[in-house]
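# Working through the structure, step by step
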Amino acid sequence: MKFKTSLITSVLSLGLFGASASATATDLEVTHWWTSGGEAAAVKVFADAFNAGGDNWVDGAIAGSGGTARPIIISRIIGGEPMGATQLNHGRQAEELVEAGLMLDLTELAEKEGWTDIVRPSKLLESCTLDGKIYCVPVNIHSWQWMWTSLKAFETAGIEAPTNWGEFVAAAPKLREAGIIPLAVGGQAWQTSGMFGVMVIGIGGMDLWRSVYVEKNMDVINGEDMKKIWQAYDDARNLTDPKNSIQNWNDATNQVISGQAGAQIMGDWAQGEFSVAGQTAGVEYDCLPGLGNRAVLDTAGDAFYFPKNDDPEVTEAQLRMASMMLSKEVQVGFNLKKGSLPVRADVDLEAANACMKKGLEILANPENILPSGDQILNRDTQGQLEDLSSEFFADKSVTIEDAQARFSEILELAE
Ligand code: GAL
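Residues numbered from 1 in each chain as written. Predicted model: local features only at pLDDT ≥ 70, side-chain atom pairs only at ≥ 80, totals over all residues. Heavy atoms only, no water.

## Considerations on the nonpolar core
What counts is decided by this rule: As used here, the term nonpolar core means buried Ala, Val, Leu, Ile, Met, Phe, Trp, Tyr and Cys residues forming a set that is joined through side-chain atoms within 4.5 Å. The buried label goes to any residue with under 20% of its type's maximum accessible area, the exposed label to any with over 50%, and the partly exposed label to all in between, with areas taken from a 1.4 Å probe on protein chains only. Boundaries between domains were set according to an automatic or database domain assignment. Any two residues whose heavy atoms approach within 4.5 Å are treated as being in contact.
One finds Trp115, Trp165 and Phe407 to be the most contacted residues of the largest nonpolar core, which totals 130 residues. Each of two domains, domain 1 (6-141 + 300-353) and domain 2 (146-298 + 377-412), supplies a minimum of three residues to this core. Beyond its immediate sequence surroundings of up to four residues, Trp165 is in contact with Met147, Leu183, Met199, Ile203, Ala232, Ala236, Leu239, Ile265, Leu291 and Asn293.

## A word on the layout of surface pockets
Keep this limit in mind: Only protein atoms enter the calculation, which uses a 1 Å grid: trapped sets of points that fit a 1.4 Å probe without letting it out are cavities, open sets showing protein on both sides within 12 Å along at least five of seven lines are pockets, and any residue with an atom within 4 Å of a point is a lining residue. Grid points are joined across faces, edges and corners, and a volume is the space filled by probe spheres set on the points. In this classification, the charged set is Asp, Glu, Lys and Arg, the nonpolar set is Ala, Val, Leu, Ile, Met, Phe, Trp, Tyr, Cys and Pro, and all remaining amino acids, among them Gly, are polar.
The space that makes up the largest pocket amounts to roughly 800 Å³. Lining of the largest pocket is provided by 47 residues; of these, Trp144, Trp190, Gly194, Asp374 and Gln382 occupy positions nearest its centre. Here the residues of the lining of the largest pocket are counted per class, giving 18 nonpolar, 21 polar and 8 charged. Here the lining of the largest pocket gathers at least three residues from each of two domains, domain 1 (6-141 + 300-353) and domain 2 (146-298 + 377-412). Volume-wise, the second largest pocket comes out at about 290 Å³. If you go around the second largest pocket, you meet 17 residues; those closest to its centre are Thr240, Asp241, Asn244, Phe393 and Ala394.

## A closer look at the site of the ligand
For the record, the criterion: Whether a residue is near a molecule or strand depends on its heavy atoms: if one lies within 4 Å, it is near. In protein, a polar contact requires one atom able to donate a hydrogen and another able to accept it; more generally it is a pair of N or O atoms within 3.5 Å, and residues adjacent in sequence count only if both atoms are side-chain atoms. We get accessible surface area from the Shrake-Rupley algorithm with a probe of 1.4 Å; when it comes to residues, only the shown protein chains can shield them. Each molecule is assigned to a cavity or pocket provided more than half of its atoms lie within 2 Å of the corresponding grid points.
Close to the ligand lie Trp33, Trp34, Glu39, Asn89, His142, Trp190, Trp249, Trp269, Gly301, Asp302 and Lys338, which account for all nearby residues. Within the side chain of Asn89, a nitrogen or oxygen atom sits 2.9 Å from an oxygen atom of the ligand. When the free accessible area of the ligand is taken as 300 Å², the share hidden by the protein chains comes to 93%. In this structure the site holding the ligand corresponds to the largest pocket. Grouping the constituent residues of the shell around the ligand by class yields 5 nonpolar, 3 polar and 3 charged. When we break the shell around the ligand down by domain, the ones giving at least three residues each are domain 1 (6-141 + 300-353) and domain 2 (146-298 + 377-412).

## Describing the pairing of strand β1 (residues 27-32)
The condition is simple: Note on pairing: two strands pair once DSSP finds at least 2 bridges between them. Numbering goes from the N terminus for both helices and strands, where a helix is a DSSP run of H or I of at least four residues and a strand is a run of E of at least two. When the strands point away from the viewer, a crossover counts as right-handed if the path from the first strand over the helix to the second runs clockwise.
Relative to strand β2 (residues 56-61), β1 is paired through 6 bridges, and the arrangement is parallel. From the neighbouring strand, His32 faces β2, where its bridge partner is Ala61. Each parallel crossover has a hand, and for β1 linked through helix α2 (residues 37-52) to β2 it is right-handed.

## Considerations on the pattern of salt bridges
Threshold: Whenever a carboxyl oxygen of Asp or Glu lies within 4 Å of a side-chain nitrogen of Lys or Arg, that contact is scored as a salt bridge.
What the rule picks out here adds up to 13 salt bridges. Of the charged contacts, one joins Glu29 and Arg76 as a salt bridge, the two residues approaching to 2.7 Å between their closest N and O atoms. Highlighted residues: Glu29 in strand β1 and Arg76 in helix α3 (residues 66-78), separated in sequence by 47 residues. Using a relative accessible area of 23% as the deciding quantity, one classes Arg76 as partly exposed.

As structure tokens, then:
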């Protein structure tokens, strides 16, 4: 019996022949701010996996930092021009969008796939949850708590590579003599602000960090221990290139990769850049978690949200994307490229490099894990802290005392 081709095509498109009839590919525009070499390599893992499932990843990369991309993403969603999916950080960045009912509820998928048993630490999924419903899929664990050193730079300066912040500061004059910038940093405020948080923990310890950021203990915030952190932060601003014109974090990382700079305090997304440059942890570069003093990690990183829309096919594709991002094989492939750690414990990262292995060891002990700033402060407070850090780095007339007083005012009013 000969069916007309059109009849067969229409029957197939209705999926009446079951799984063998593939659904029509659904385009999903995905916004994110991953534009460095390493980040782009990681995005490709997501895109290839989504496309292999029969859909179409429409890349919506936004150049610049999260500080540039987030307002664009949020205004599009509020303005009724939502993307299919978007990256945001773990934590509170989407809380108003979720409260406004603008984001897709993923609870049914999460329950079907057992996300609460899969995702660890569980606080990552808690950051996606409002009133018992889940609105995002965590995809990685990044930690700010790292310092990256160029072994070549210290060799050129004829000195041992430092194993902690104190040794690094002591080595700085020799780096300067060899024409090497001791500390690389990008000019965007989130970078100098992130560095400060790393110093609170790496030099002051976790108890100090909790007193300051979680308990907001004003005696501690205004006390001598925090004054020591501001003094170390003053050291840091005096270790950068006085003529620094770098803005992007990965351009600062490239100064370490090339040996122009001795070190950078930056999250472990920097690993992606060393990897793309063909450098090996422990050979050309090294990594000091917690500035080499306290091996801790924070649970920064990324999750994907799916703005609601009225097309059931799009909603189905959004759910396919969320499921793909948490799948074992994608979690391994994506995180190895991104330099981050997977959000599930049941995967084998045998290809992890020496620095990622340090991170996995730290992550194995819950005592070593902190929530990230994104998870404990709202964007408004973080913005004020970023402005303070940026001003402190740019204007040497801002004294330690001025900065500590303003820091205190900001945290006193933080919600
Ligand atoms: C962070 C994000 C990371 C990393 C970094 C620099 O907010 O969580 O994935 O890419 O920005 O772009």
